[in-house]
Amino acid sequence: MAKLQVAIDLLTTEAALELAAKVAPYVDIIELGTPLIKAEGLKVVTAMKNAHPDKLVFADMKTADTGALEAEIAFKAGADLVTVMGTVDDATIKGAVEAAKKHGKQVVVDTIGVKDRVKRAKEVTAFGVAFVELHAGLDEQALPGYSVATLINEGREAQVPFSVAGGVNLQTIKDVVAAGATVAVAGGAIYGAEDPAEAAKALKEAIEA
Ligand SMILES: O=C(CO)[C@H](O)[C@H](O)COP(=O)(O)O
């Protein structure tokens, strides 16, 4: 069954912990967003793992260089999964995968900015990454005509383990799951909801239905 990942794009450790405490019963993976890690440093990763040792903690590092080094510091801080950009040199992704093997952890490749996501997803899967995040970032989502359906169709086509991130909500999550996603990522649909726990619960139920 697909896992549910909450993307926490808030800006303080306190707010992130508060949100995680509400939604943890319904999610499998807790993602610390890139702006949050940049604002607070990796101590937010440590704080989250300490608070939720039973959850997978996903550090959205969006690494673009020094793959082994950045993965290493995130794993040491408590991350179970880290992201490396799909647009970067293969060596950066392979370096992060080597660090992951050393720590018994995993790497996810983020496809923001990748021109041919299906082709790149197949390439990087061969490097030993956990899954590929078919992802439209917040800026891309804001452009006119954006639809998560494109990512969902690419996941179906790629035939590799993938997640979908970028506007996943109660209306679209069933299509994400039906396409065979390993993970459905929801940020704004949870942290932007009036009742984040209810929103996470509804998304989890939609996955399980
Ligand atoms: O990684 C991100 C941005 O770079 C977001 O966390 C991810 O896109 C989730 O987006 P949404 O809020 O639309 O669910």
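Please read these numbers as outputs of a predicted model, since none were measured by experiment. (Residues numbered from 1 in each chain as written. Predicted model: local features only at pLDDT ≥ 70, side-chain atom pairs only at ≥ 80, totals over all residues. Heavy atoms only, no water.)

Enquirer: Residues and numbers for the overall build of the protein, please.
Expert: Of regular secondary structure, the protein possesses 11 helices and 8 strands. Over its C-alpha atoms the protein spans a radius of gyration of 16 Å, differing by no more than 12% from the 17 Å that the globule rule assigns to 209 residues. The principal-axis extent of the C-alpha atoms belonging to the protein is close to 40 × 40 × 30 Å. Within the protein, the proportion of its 209 residues that are buried is 52%. The long-range share in the protein, meaning contacts at least 24 apart out of those at least 6 apart in sequence, stands at 64%. (Helix = DSSP H or I, 4+ residues; strand = E, 2+ residues; numbered from the N terminus. Rg over C-alpha atoms; globule rule 2.2 N^0.38 Å. Buried < 20%, exposed > 50% of the residue type's maximum accessible area, 1.4 Å probe, protein only. Contact = heavy atoms within 4.5 Å.)

Enquirer: Please give an account of the sheet that holds strand 7 (residues 162–165) that cites residues and values.
Expert: Spatial ordering of the closed barrel is given by 1-2-3-4-5-6-7-8, a layout of 8 strands whose pairing is parallel. Between one strand axis and the next, the sheet turns through 25° on average, direction left out of account. Examined bridge by bridge, strand 2 (residues 29–32) and strand 3 (residues 56–63) share 4 bridges and lie parallel to one another. Residue Glu31 lies in a different strand from strand 3, and its bridge partner there is Phe58. Lying on the sheet, helix 5 (residues 90–103) is in contact with strand 3, strand 4 (81–85) and strand 5 (106–110); it crosses strand 5 at an angle near 155°. Packed onto the sheet, helix 8 (residues 149–158) meets strand 6 (131–135) and strand 7 and runs at close to 175° relative to strand 7. (Pairing = 2+ DSSP bridges. Axes fitted to C-alpha atoms, helices over the stretch in contact; angles between N-to-C directions.)

Enquirer: Which residues make up the UniProt feature "domain: Orotidine 5'-phosphate decarboxylase" (unreviewed entry) in the protein, and what are the values?
Expert: Here the UniProt feature "domain: Orotidine 5'-phosphate decarboxylase" (unreviewed entry) sits at residues 3–203. The annotated region residues 3–203 carries 46% helix and 20% strand content, and the separation between its end C-alpha atoms amounts to 10 Å. (UniProt positions renumbered as here; feature names shortened; annotations may be inferred.)

Enquirer: I'd like a description of the site of the ligand, backed by residues and values.
Expert: Among the 14 residues in the neighbourhood of the ligand, the closest are listed as Asp9, His135, Gly167, Gly187 and Gly188. Within the side chain of Asp60, a nitrogen or oxygen atom sits 3.3 Å from an oxygen atom of the ligand. Protein coverage of the free-state accessible area of the ligand, which is 370 Å², stands at 92%. Counting residues per element, the ones that place at least two in the shell around the ligand are strand 3 and helix 7 (138–141). For the shell around the ligand, the residue count by class is 4 nonpolar, 6 polar and 4 charged. (Near = heavy atom within 4 Å. Polar contact = N/O pair within 3.5 Å; in protein donor to acceptor, adjacent residues only side chain to side chain. Areas by Shrake-Rupley, 256 points an atom, 1.4 Å probe, with all protein chains shown as cover. Nonpolar A, V, L, I, M, F, W, Y, C, P; charged D, E, K, R; others polar.)

Enquirer: Residues and numbers for the pattern of salt bridges, please.
Expert: Across all of its chains, the model carries 14 salt bridges by this definition. Across the pair Asp28 and Lys204 runs a salt bridge whose closest N-O atoms are separated by 2.8 Å. Taken together, the positions of Asp28 in the loop between helix 1 (13–23) and strand 2 and Lys204 in helix 11 (residues 196–208) put the pair 176 residues apart, joining distant regions of the chain. By relative accessible area, Lys204 is classed as buried at 15%. One salt bridge connects Asp80 with Lys105, and the closest N-O pair in it is separated by 3.1 Å. Of the two residues, Asp80 sits in the loop between helix 4 (67–77) and strand 4 while Lys105 sits in the loop between helix 5 and strand 5, which places them 25 residues apart along the sequence. Using a relative accessible area of 27% as the deciding quantity, one classes Lys105 as partly exposed. Salt bridges sharing partners connect three or more residues here, namely Asp90, Lys119, Arg120 and Glu123. (Salt bridge = Lys/Arg side-chain N within 4 Å of Asp/Glu carboxyl O.)

Enquirer: Kindly report on helix 11, identifying the contributing residues and their values.
Expert: Its 13 residues place the ends of helix 11 18 Å apart at the C-alpha level, agreeing with the 18 Å of an ideal helix rising 1.5 Å per residue. Next to the buried residues of helix 11 lie strand 1 (3–8), helix 1, helix 9 (173–178), strand 8 (183–186) and helix 10 (188–191). (Expected span 1.5 Å × (residues − 1).)

Enquirer: Let's hear about the packing of aromatic side chains: which residues, and what values?
Expert: Both the distance between ring centres and the angle between the ring planes are used here to describe each pair of aromatic rings. Scanning the model with the defined rule gives 0 aromatic pairs in all. Over the face of the ring belonging to Phe127 we find Lys94, whose NZ or CZ atom lies 4.7 Å from the ring centre. (Phe/Tyr/Trp six-rings, centres within 6.5 Å; stacked < 30°, edge-to-face > 60°. Lys NZ or Arg CZ within 6 Å of the ring centre and 35° of its normal.)

Enquirer: How would you summarise the environment of Glu14 if you had to cite specific residues and measurements?
Expert: Position of Glu14 relative to the elements: it lies in helix 1. Taking the relative accessible area as the measure of exposure, Glu14 reaches 63% and is therefore exposed. A C-alpha to C-alpha distance of 10.0 Å links Glu14 and Met48, two positions 34 residues apart in sequence.

Enquirer: An account of the packing of helix 1 against helix 11 is needed here, citing residue identities and associated values.
Expert: For the pair helix 1 and helix 11, interaxial distance at closest approach is 8 Å and the crossing angle is 50°. Here helix 1 is positioned oblique relative to helix 11, judged by the angle of their axes. Regarding helix 1 and helix 11, the two cross each other, and that crossing is right-handed. Contact with helix 1, carried on its side by Leu19, Lys22 and Val23, involves Pro196, Ala197 and Ala200 of helix 11 and no other residues of that element. (Parallel < 35°, antiparallel > 145°, perpendicular 65-115°, else oblique. Left-handed = near helix turned anticlockwise from the far one by under 90°.)

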